[in-house]
Amino acid sequence: MTEKKNSSKKIIVGMAVLVVLVAAFAIIFSVFRAKPVEGSKSITIEVVDKEQKSSVYDLKTDVEYLREAMEEAEGLEFSGTESEYGLMVETVNGITADYNVDGAYWAFFVNGDYCNYGIDTQPVTDGDAFKIVYTVNSEE
Amino acid sequence: MKNRSRVIKSTLDITLIGLMVAVIEASKIALLGLPNIELTTFWIIMFTMFFGSKIMFVIPVFILLEGCMFGFGLWWVMYLYVWPCLALLAWSCRRQESVWFWSVLSALFGLFFGFFCAIPYVVIGAADGGIKNGLYAGFTWWVAGIPFDLSHCGGNFVLMLILYHPVRIVMRRARTMLYT
């Protein structure tokens, strides 16, 4: 009887810990996540294609996320497949990267670092330099 | 005769290991469209509880299969330690029978999944620019994925809560049929 009581107590404590942790994670996310900046922002988007040829697009924009900025960039064309994580970019400026054929994909960088978000949720802040690079996974 | 029974037992074991991998893989593919809602955690816990050490063969085969199907990227390195850690955790708690206990454990595993998976980013970042850079890289990567960890946590909790009792009954029966 006492053992059963102890066990239910432990489960209640476990549930309480879980709820506290979920709340803590939500707070950490809302405090530390990369936030978009509203207002006029000056950014560059550089596309490096299969032949290492670079095209740079400078734009002044008010958009919050990279996808919208890419849509605003004149001359930059892109397409892909919509997924639960947003648009998975497959074609940029007419060049398609097909991972299933040769391990190729379009890698996204922001200020020299790999983007941690998909283009639909990658925030845009003033002065950001985005790079979209045709990359081949050599292991494929 | 003794030899024959050992062969039959090992054939049975191999078949069972194959079946367990197939169940995990089929469930995973069936739920691919839902972000971080998966049954891999549930099956690894249940298989560890009921078939003990056989999970040591199931997990490597499952991880290898995943790599062959989806490519050997950085996520694959994470799989190498995340799933064995779960099996170890489940094995150490195998005497627990409460559905609430297993639901909370599954939920915690889902919640911390991104945290554990950030380890390779810490290592890569540290190799590139020192430990501070590594911790920053790991932290930003983990924070970016917290919404997915929260859905992973909720999904694991609900799935374990719903499936634990019915699957437990079936698996208990299966174990008795196969090994007695």
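Residues numbered from 1 in each chain as written. Chains lettered and ligands numbered in written order. Predicted model: local features only at pLDDT ≥ 70, side-chain atom pairs only at ≥ 80, totals over all residues.

### As for the sheet that holds strand β5 (residues 95-96) of chain A
All names here are of chain A.
Here is step 1: The strand order β3-β4-β5 describes an open sheet built from three strands, whose pairing is antiparallel. What marks the edges here is a single partner per strand, and that holds for β3 (78-83) and β5.
Here is step 2: Inspection of the sheet shows β3 paired to strand β4 (residues 86-92) by six bridges, in the antiparallel sense. Paired with S79 across the strands is T91, a residue of β4. (Pairing = 2+ DSSP bridges. Helix = DSSP H or I, 4+ residues; strand = E, 2+ residues; numbered from the N terminus.)

### So, the interface of chain B and chain A
Quoted interface sizes are often the accessible area lost when the parts come together.
Here is step 1: If you look at the interface, chain B gives 20 residues, while chain A gives 18 residues.
Here is step 2: For the side of chain B that touches chain A, the secondary structure elements donating two or more residues are α5 (99-117), α6 (119-144) and α7 (146-179) of chain B.
Here is step 3: With six residues, α5 of chain B is the single largest residue contributor to the side of chain B that touches chain A.
Here is step 4: Residue composition of the side of chain B that touches chain A, grouped by class: 15 nonpolar, four polar and one charged. (Contact = placed C-beta atoms within 7 Å. Nonpolar A, V, L, I, M, F, W, Y, C, P; charged D, E, K, R; others polar.)

### Focus: unusual backbone geometry
Here is step 1: Phi at N111 of chain A is positive, roughly 50°, even though this residue is not glycine.
Here is step 2: You can see N111 of chain A is positioned in the loop between β6 (104-110) and β7 (113-114).
Here is step 3: On the neighbour-count criterion, N111 of chain A (11 C-beta atoms within 10 Å) is exposed.
Here is step 4: For N36 of chain B, which is not glycine, the phi torsion reads 60° and is therefore positive.
Here is step 5: One can find N36 of chain B in the loop between α1 (2-30) and α2 (40-51).
Here is step 6: Judged by C-beta crowding, with 20 C-beta atoms within 10 Å, N36 of chain B ranks as buried. (Buried ≥ 20, exposed ≤ 12 C-beta atoms within 10 Å, placed from the backbone.)

### Observations regarding the nonpolar core
Here is step 1: F42, W43, I44, I45, F47 and V58 of chain B are the most contacted members of the largest nonpolar core, which totals 41 residues.
Here is step 2: At the level of elements, α1, α2, α3 (55-70), α4 (74-92), α5, α6 and α7 of chain B are the ones that each hand at least two residues to this core.
Here is step 3: Leaving out residues up to four positions away in the same chain, F42 of chain B has contacts with S106, L159, M160 and L163 of chain B.
Here is step 4: One finds I45, F78, V110 and V124 of chain A within the second-largest nonpolar core, a separate group that totals 20 residues. (Core = buried A, V, L, I, M, F, W, Y, C linked by C-beta atoms within 7 Å.)

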